[in-house]
Amino acid sequence: NTQLPLCELQRWKEEEMPIPSNKILLLLILSFTTFIVSSYAFSLSPSSSLFSSSPALRPRIAHRSPPRFSLRSLAAKDSAASDPVTGTKFTDEEEKQGRGGGHDVNINEEDISEETKAKREKIRVHQEACPRPSWGEVAQTILAQKEGFAVLATNSKAKAGFPLASVVGFATDKQGQPIFCFSTMSAHTVNLMADGRSSLCVTEKGFVGAADARVTIIGTCNKVTGEEEAELRTAYIAAHSGAYWAQFGDFSMYRMEDIEQVSFVGGFARAGSISVDEYLAASPDPLHLFASPVMKHMNDDHTDALKDYVRYLVGVEGDIERIEMRRLDRLGFDVRVTKGNDSGLLRIPFESEVKERKDVKTAIVALSQKVGALKEQAKEE
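Residues numbered from 1 in each chain as written. Predicted model: local features only at pLDDT ≥ 70, side-chain atom pairs only at ≥ 80, totals over all residues. Heavy atoms only, no water.

**What to know about the overall build of the chain**
When you go through the chain residue by residue, the secondary structure sums to 12 helices and 11 strands. Counting only residues that meet the buried cut, the chain has 40% of its 381 residues in that class. Considering only contacts in the chain between residues 6 or more positions apart, those separated by 24 or more positions represent 62%. Total accessible area on the chain is roughly 21,800 Å²; 55% of this is exposed by carbon and sulfur atoms. (Helix = DSSP H or I, 4+ residues; strand = E, 2+ residues; numbered from the N terminus. Buried < 20%, exposed > 50% of the residue type's maximum accessible area, 1.4 Å probe, protein only. Contact = heavy atoms within 4.5 Å. Areas by Shrake-Rupley, 256 points an atom, 1.4 Å probe, with all protein chains shown as cover.)

**A closer look at helix α7 (residues 187-194)**
Among all positions of α7, only His188, Thr189, Asn191 and Leu192 are buried. Buried residues of α7 fall within an arc of 160° about the axis and therefore sit on the same side. Those residues of α7 that are exposed and aimed more than 90 degrees away from the buried face are Met193 and Ala194. (Arc of directions from axis to C-beta.)

**Some points on the nonpolar core**
Formed by 29 residues in total, the largest nonpolar core has its most connected members in Tyr309, Val310, Phe333, Val335 and Ile348. Only α10 (291-301), α11 (303-314), β9 (322-329), β10 (332-339), β11 (342-349) and α12 (357-380) provide two or more residues apiece to this core. Ignoring anything within four residues of it in the chain, the contact list for Val335 reads Leu306, Val310, Ile323, Glu324, Met325, Arg326, Gly344, Leu345, Leu346 and Ile348. Membership of the second largest hydrophobic core comes to 24 residues, among which are Ile142, Phe182, Leu200 and Tyr254. (Core = buried A, V, L, I, M, F, W, Y, C linked by side-chain atoms within 4.5 Å.)

**Overview of the pairing of β9**
Counting buried positions along β9 gives six out of eight residues, so the element sits mostly inside the fold. Pairing of β9 with β10, which is carried by seven bridges, proceeds in the antiparallel orientation. The partner of Ile323 across the bridge, within β10, is Val337. (Pairing = 2+ DSSP bridges.)

**Thoughts on the environment of Val224**
With respect to the helices and strands, Val224 occurs in the loop between β6 (214-223) and α8 (227-239). Here Val224 falls in the buried class, since its relative accessible area comes to 5%. Non-local contacts of Val224, meaning those with residues more than four positions away in its chain, are made with Glu229, Leu232, Met253, Tyr254 and Arg255.

**Some words on the confidence of the model for the chain**
Caution is warranted with low-pLDDT regions, since their predicted coordinates should not be read in detail. Here the chain averages 79 in pLDDT, while 70% of its residues score no lower than 70. Here residues 35-97 scores under 50 on pLDDT; set against residues more than four positions off or in separate chains, the count is 106 contacts. (pLDDT = per-residue confidence, 0-100.)

**Observations regarding the pattern of salt bridges**
Here the structure, examined in full by the defined rule, presents 29 salt bridges. Among the ionic pairs, Lys296 bridges to Asp300, the shortest N-O distance being 2.7 Å. Of this pair, Lys296 and Asp300 are both found in helix α10, four residues apart, which corresponds to roughly one turn of the helix. When the shortest N-O distance is used, the salt bridge between Glu353 and Arg330 registers 2.7 Å. With Glu353 in the loop between β11 and α12 and Arg330 in the loop between β9 and β10, this pair connects stretches of sequence that are 23 residues apart. When its relative accessible area of 15% is taken as the criterion, Arg330 is described as buried. Through salt bridges with shared partners, one network takes in Glu204, Asp212, Arg326, Arg327, Asp329, Asp334, Arg336 and Arg347. (Salt bridge = Lys/Arg side-chain N within 4 Å of Asp/Glu carboxyl O.)

In structure tokens:
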């Protein structure tokens, strides 16, 4: 096959026939394609001398296993279900609700010294004891975010039996039920008018990947009319300051009601269902309205203090390349710690519960004072 184009050229030469320019181009393309295919087939051959002489140049066609995060393995393996990132054990009630379980971090304990195991156990115990908001509170807090956008899945009217996913703005009513302001021209609005069954997936602010939190709510979206419509429209505009179009006559208010299921994923190995009653009875964390500027200030100006917290209060050793405060609530905060290619979330609890903005600084200063005392103690030892 590789000789066909050359033979064809030779035949034209012998007959002294002029070769059309378009046919020359076609023949050149055929020759080049044949060469590339044959070369590629050779390169994939296990017997190729290229591979045998340089293993680094061999094609990476094997399945790559998930990365192993050393910060996740700070907690020693335990017979009880636990979060491999923080080492936090799940309660029996969480297990009943499908919470916990999850990802196996594939830690080979035989290769770990007893000293390292003891350090990891210390971190695990610390993280297990950290107070945290309930999953219902966390879910409510995620949905209470300002300028929030999420993915709404509706049942397609145009393509029966298929879902349609749309990125939409949302807010919540006083109970935490999602509300929307939709144009009658939107495909998802047309779908909802025919079948209100839908689901909404909301991610926390600054969502990056699997280690970050998200909530999925399944329910029925209904159009809201009467006096309540004006109330919900006001709430939506309050959450979306630039939504001037929400006042246009073509836009109507919808609310996800008759909630059937609330699913929560808080990161690696922290996933499960929240009962509808638990979700509706919970409230957003009292610090959520000003958590973002506080975290930005800490990340911009006080990363050294954050590193000290995880070293002296949690027990993480070695150089910390990067640290970032990711979540702030009334009971403490979570930081993402990066060491080389490894990254994980760790919890730093406050000494006491904080409910007002003015008390956040006091709580953080108390942590710094505690670290200072531990540093002095270490010097004396």
